[in-house]
Amino acid sequence: METLTIGDFAARSGVAPSALRYYEREGLIRSTRTTGNQRRYERAELRRVAFIRIAQQVGVSLDEIRAALAELPENRTPTRADWAQLSDRWRHRLDEKIMLMQRLRDDLSGCIGCGCLSLHRCKLINPDDALAADGTGPRVLLRPA
């Protein structure tokens with residue numbers, strides 16, 4: 001089985017060696033050691049690193065990522081079915097994030113219900129800061145779609 005040095009693994013994954021060492025310390029990825037105590041990574045670990053990077057980009061915490069990865073098999077490369085089961089668990093949450101991001105993209109130039117009342121349009125949509133009764137923050141964007 002071909003393994004990669006930490007430098008090759010970093011180059012292929014796009015993640016700095018320091019981050020790879022951190023992920024390993026946190027139990028998110030695994031490596032083996034040579035007799036000279038150098039790290040070697042199996043190619044299958046690239047998928048885990050890609051998953052970590054993408055999950056972090058959409059706001060998933062490392063604790064949640066760790067819990068998800070802990071459910072994948074340790075003694076074999078995860079199959080397509082393993083990854084599908086993992087993604088199914090997060091599908092609803094990701095769909096909600098996608099909808100929120102679309103609303104942010106489409107509505108940020110208008111009133112988001114933050115209470116600033118500084119835009120002319122907000123004075124029409126949220127006169128006298130009536131949305132404050134709904135709670136704090138950007139009330140319009142945080143409403144369920």
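Please read these numbers as outputs of a predicted model, since none were measured by experiment. (Residues numbered from 1 in each chain as written. Predicted model: local features only at pLDDT ≥ 70, side-chain atom pairs only at ≥ 80, totals over all residues. Heavy atoms only, no water.)

Draft legend 1. Geometry of the sheet that holds strand 3 (residues 39–42). Spatially, 1-3-2 is the arrangement adopted by the 3 strands of the open sheet, whose pairing is antiparallel. Each having just a single partner strand, strand 1 (3–5) and strand 2 (32–33) make up the two edges of the open sheet. Across 3 bridges, strand 1 lies against strand 3 in antiparallel orientation. Residue L4 lies in a different strand from strand 3, and its bridge partner there is Y41. Lying on the sheet, helix 1 (residues 6–13) is in contact with strand 1 and strand 3; it crosses strand 1 at an angle near 95 degrees. (Pairing = 2+ DSSP bridges. Helix = DSSP H or I, 4+ residues; strand = E, 2+ residues; numbered from the N terminus. Contact = heavy atoms within 4.5 Å. Axes fitted to C-alpha atoms, helices over the stretch in contact; angles between N-to-C directions.)

Draft legend 2. Representation of the layout of surface pockets within the structure. Each pocket or cavity is described by its volume, and for the largest pocket that value is around 240 Å³. Considering the residues around the largest pocket, the lining is formed by R47, A50, F51, I54, A55, V58, W83, L86, S87, W90 and L94. Going through the elements one at a time, helix 3 (45–57) and helix 5 (80–107) are the ones with two or more residues in the lining of the largest pocket. The class makeup of the residues in the lining of the largest pocket is 9 nonpolar, 1 polar and 1 charged. (1 Å grid on protein atoms, 1.4 Å probe; cavity = no way out; pocket = protein on both sides within 12 Å on 5 of 7 lines; lining within 4 Å. Points joined across faces, edges and corners; volume = space filled by probe spheres on them. Nonpolar A, V, L, I, M, F, W, Y, C, P; charged D, E, K, R; others polar.)

Draft legend 3. Molecular detail of the packing of aromatic side chains. Enumeration over the complete set of coordinates arrives at 4 aromatic pairs. For the pair F9 and Y41, a centre-to-centre distance of 4.4 Å together with 15 degrees between the ring planes defines the contact as stacked. In this pair, F9 is assigned in helix 1 and Y41 in strand 3, connecting sequence segments 32 residues apart. Grouping residues by exposure puts F9 and Y41 together as buried. Aromatic side chains Y22 and Y23 sit 6.4 Å apart centroid to centroid with 55 degrees between the ring planes, which places their arrangement in the tilted category. Look at Y22 and you get partly exposed, because its relative accessible area is 33%. On the accessibility criterion, Y23 (7% relative accessible area) is buried. Grouped by ring-pair contacts, the aromatic residues F51, W83 and W90 constitute a single cluster. (Phe/Tyr/Trp six-rings, centres within 6.5 Å; stacked < 30°, edge-to-face > 60°. Buried < 20%, exposed > 50% of the residue type's maximum accessible area, 1.4 Å probe, protein only.)

Draft legend 4. Seen up close, the environment of W90. Assignment of secondary structure puts W90 in helix 5. C-alpha of W90 to C-alpha of G115: the two residues are 25 residues apart in sequence and 32 Å apart in space.

Draft legend 5. Region of interest: helix 1. Taken together, the buried positions of helix 1 are I6, F9, A10 and S13. The arc enclosing the buried residues of helix 1, seen along the axis, measures out at 100 degrees, which places them on a common side. Opposite its buried face, helix 1 presents the exposed residues A11 and R12, each directed more than 90 degrees away. Buried residues belonging to helix 1 abut strand 1, helix 2 (17–25), strand 3 and helix 3. Taken from the residues just after helix 1, G14 is the one with a positive phi, measuring 80 degrees. (Arc of directions from axis to C-beta.)

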